[in-house]
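# A look at the structure
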Amino acid sequence: MAVTDAGARSARDHALAVLRVRGTALGAALLPAAVAVVLVAGEAAGRLGDGWDALRWTVLAVAAVVLAAAAGVAAVVARARPAVSPTVQIEEEAAPDLYRLIRDLADRMDVPAPSAIALTPDCDSWLEDRTHGTRARRGGPGRLAGLLRSPRTLRSGEPRRSGGPAGTARTGGGTDGPGAPVLVIGSPFLWWMRVAELRALLAPVVAGTGPSAHPDIAAARRFVRGLDAAAAVAAAAGGPAPRRLAYDVVGWVARLLLRAGAAHAAEMERMVAAAAATRAQTVDYGLRVVAQEQVGLAYAGWDRLLTRVALPAWRTGRWPARLDAGVVSALTELSRRDRLAEGFASRLGERPACDLLEEPGEVDRRISLLAARLFHGGPAEPGPDWMPVDWAQYPEEVVDRIWRSEAARLFEALYATETPTLAELIDRLAGAGEAAGGTEALAARLAREEAAREEAAREEAARQEAARGPAPSAPPPGGDGGLLPPGGFPLQPPRGGRELLAEHITAAVCCAAVDTAGASPGLDWLDGPALFVDGERRADLARPVLALAEEADPRPLRDWLAAVGVRPDKPIRLV
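Residues numbered from 1 in each chain as written. Predicted model: local features only at pLDDT ≥ 70, side-chain atom pairs only at ≥ 80, totals over all residues. Heavy atoms only, no water.

Of the pockets and cavities examined, the second largest pocket occupies roughly 710 Å³. Considering the residues around the second largest pocket, the lining is formed by 25 residues, among which Ala25, Ala70, Val73, Ala74 and Leu257 are closest to the centre. Of all elements in the fold, only helix 1 (6-44), helix 2 (53-79), helix 7 (215-236) and helix 8 (241-280) reach the threshold of two or more residues within the lining of the second largest pocket. Sort the elements by how many residues they give to the lining of the second largest pocket and helix 2 lands first, with 8 residues. Residue composition of the lining of the second largest pocket, by class: 20 nonpolar, 3 polar and 2 charged. (1 Å grid on protein atoms, 1.4 Å probe; cavity = no way out; pocket = protein on both sides within 12 Å on 5 of 7 lines; lining within 4 Å. Points joined across faces, edges and corners; volume = space filled by probe spheres on them. Helix = DSSP H or I, 4+ residues; strand = E, 2+ residues; numbered from the N terminus. Nonpolar A, V, L, I, M, F, W, Y, C, P; charged D, E, K, R; others polar.)

If you check helix 10 (residues 323-337), its first and last C-alpha atoms are 21 Å apart, about what 15 residues at 1.5 Å a residue would give, namely 21 Å. Every buried residue belonging to helix 10 is among Leu323, Asp324, Gly326, Val327, Val328, Ala330, Leu331, Glu333 and Ser335, and all of these are buried. Turning to helix 10, the residues buried within the fold contact helix 4 (187-192), helix 9 (285-315), strand 5 (318-320) and helix 11 (360-376). (Expected span 1.5 Å × (residues − 1). Buried < 20%, exposed > 50% of the residue type's maximum accessible area, 1.4 Å probe, protein only. Contact = heavy atoms within 4.5 Å.)

For helix 17 (residues 555-564), the complete set of buried residues consists of Leu557, Trp560, Leu561 and Val564. Down the axis of helix 17, the buried set is contained in an arc of 100°. They therefore lie on one face. Residues of helix 17 that are exposed and point over 90 degrees away from its buried face: Arg555, Asp559, Ala562 and Ala563. (Arc of directions from axis to C-beta.)

What follows is about the environment of Arg463. Checked against the element boundaries, Arg463 lands in helix 14 (residues 440-468). Residue Arg463 is classed as partly exposed on the basis of its relative accessible area, which comes to 47%. Sequence spacing of Arg463 and Pro379 is 84 residues, and the spatial spacing of their C-alpha atoms is 9.4 Å.

Further remarks concern the packing of aromatic side chains. Within the structure shown, the criterion is met by 2 aromatic pairs. Measuring from centroid to centroid gives 5.9 Å for Trp391 and Tyr394, while their planes differ by 45°, and the two rings are tilted. For the pair Trp391 and Trp525, a centre-to-centre distance of 4.9 Å together with 70° between the ring planes defines the contact as edge-to-face. Pair noted here: Trp391 is in the loop between strand 6 (387-389) and helix 12 (394-413) and Trp525 is in the loop between strand 7 (520-524) and strand 8 (528-533), with a separation of 134 residues, a long-range link. Here the two residues Trp391 and Trp525 agree in accessibility, since each one is buried. (Phe/Tyr/Trp six-rings, centres within 6.5 Å; stacked < 30°, edge-to-face > 60°.)

The next subject is a nonpolar patch on the surface. A cluster of nonpolar side chains, namely Leu26, Leu30 and Leu67, defines an oily patch on the protein surface of about 260 Å² accessible area. With a relative accessible area of 36%, Leu67 lands in the partly exposed category. (Patch = residues over 30% accessible without salt bridge, like charges linked within 9 Å, V, L, I, M, F, W, Y side chains within 5 Å. Areas by Shrake-Rupley, 256 points an atom, 1.4 Å probe, with all protein chains shown as cover. Salt bridge = Lys/Arg side-chain N within 4 Å of Asp/Glu carboxyl O.)

Our next topic: the sheet that holds strand 2 (residues 116-120). Strand order in the open sheet formed by 4 strands is 1-2-4-3, with mixed pairing between adjacent strands. Strand pairing shows two members of the sheet lacking a second neighbour, strand 1 (88-90) and strand 3 (125-128), which therefore form its edges. Each neighbouring strand pair of the sheet contributes to a mean axis angle of 30°, computed without reference to strand direction. The sheet contact formed by strand 3 and strand 4 (residues 182-186) spans 4 bridges and is antiparallel. Bridge pairing in strand 4 links Ser125 to Ile185. Against the sheet, helix 3 (residues 96-109) makes contact with strand 1, strand 2 and strand 4, and its axis sits at roughly 115° relative to strand 2, the strand it touches most. (Pairing = 2+ DSSP bridges. Axes fitted to C-alpha atoms, helices over the stretch in contact; angles between N-to-C directions.)

A few words now on the nonpolar core. Core analysis: the largest hydrophobic core is formed by 118 residues, its most contacted members being Trp314 and Leu422. With residues up to four places along the chain from it excluded, the contact list for Trp314 reads Leu306, Trp319, Pro320, Leu323, Ala371, Ala372, Phe375, His376, Trp386 and Leu491. Among the nonpolar cores identified, the runner-up in size contains 24 residues, and Val73, Ile217, Leu227 and Leu257 belong to it. (Core = buried A, V, L, I, M, F, W, Y, C linked by side-chain atoms within 4.5 Å.)

Remark: helix 7 packs on helix 8, axes separated minimally by 8 Å, with the N-to-C direction vectors making an angle of 145°. The element helix 7 and its partner helix 8 pack so that their crossing is left-handed. Of the residues in helix 8, those in contact with Ile217, Ala220, Arg221, Phe223, Val224, Leu227, Asp228, Ala230, Ala231, Val233 and Ala234 of helix 7 are Tyr247, Gly251, Ala254, Arg255, Leu257, Leu258, Ala265, Met268, Glu269 and Val272. In terms of residue class, the contact of helix 7 with helix 8 is built from 16 nonpolar, 1 polar and 4 charged. (Left-handed = near helix turned anticlockwise from the far one by under 90°.)

Following this line, the structure appears as structure tokens:
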């Protein structure tokens, strides 16, 4: 494909600079061998005397060592699997309308179409190459951090952000092939955005396939990805000391070459992003401005849904099976509460982009399971201790279970009687607060128990992963997250003892309210588990609980219980 615009030409110049680093490294590896060849040829021609023998054999030895080291580095680079973002692959049969929309978009901009489409539980979209180093197999899953790791192109909402596209593509507008990059779309976009908004948002991303199809840019990216993967392999290598030493050499060479080409690689990606943004300006530019507003809103709703709603469920061994549908409810609730979001709910009458999928419910389920694995480290498959839960079942299956189990742990930590009551709990906490050290020991115990449970859950997930055994063939092109670290990528830092103590007191109070005052567990789309009394959410419990937990003052909580009609003298039903 001809490179015509200035941005793409500049990207090609920087790609050639990256390739010159490769050429320099190759020349340095061959230099001792070339000198050795000259000395051997001179000896064979009789032009060198006997005084050259020592030098000739020394150079031959050095050449052999350097060639062997270069061959080892090249072998590791060729065999290493670059990072691939964990995604859910969407086949064309499962989303023909979505594939048609992307191809039409590529035709309008006269760029190659992506080879495939994948979804990720993230509010972002990018192009990702999955063709490095092999024609018969694909790169393994997992994501490496850093500028030159998991190369992306032109993210949605960031039309001039560097981090560019990956991969090669067949030339010719609107054509795709196995060498073209994969289009990764954030799944919340499909459920919240309308079809026209999604098309406008993805225009600069799809436009990135144009300059990335140039062979020099594609070769530079393959070189950088190979070095990055080799450095990661070397860092993780173990075994005997000679083996570790060999990999240390490989890692040092790979990092040296990465540093040498880092500036040009980053500038190349920036120029590719600029060229793609320029090309996409002719496509739905006005609508794209509106779509950008939805990106920030979707991100806020998705982050709130994961941290406030999904995370408590994951901790109980349940995973919400319709996260993407939930983000629509969360954003609708946000539009109702926040005047800044007024008008967004009216968009729900238009056709959502998830209609482009044949079975959006099944895709949402797969995305939800991947999100649980990615952000919590849950098992890859459902099981007796890892069950899906629908939103209608969330109050009973998640909220009530959380309250009962946390209340039981709190009473156990306080060595309460066999028929625990809220009055006994309040008296014990007030008494502990007046003693030396207050409730610090109790909070510390809760924190230790919480850490032990999380560690046990990670070990169980790792055991189940090991029991599954290695895949009989290479991982699917979408990447299944098989190289995710134990525990995934946590959404929040571990909770402190004080926070856990307040949560456990709140759980006990809610259990008493449900058992004696006719209250019910419920779900608030923005705040997660909630207590409802007479159909109304009670959000005023936090201050009385904190007064008891931090100041050992039970009076605000007793006043609250009296106002709601809770009987603290009645036994609480625990798990």
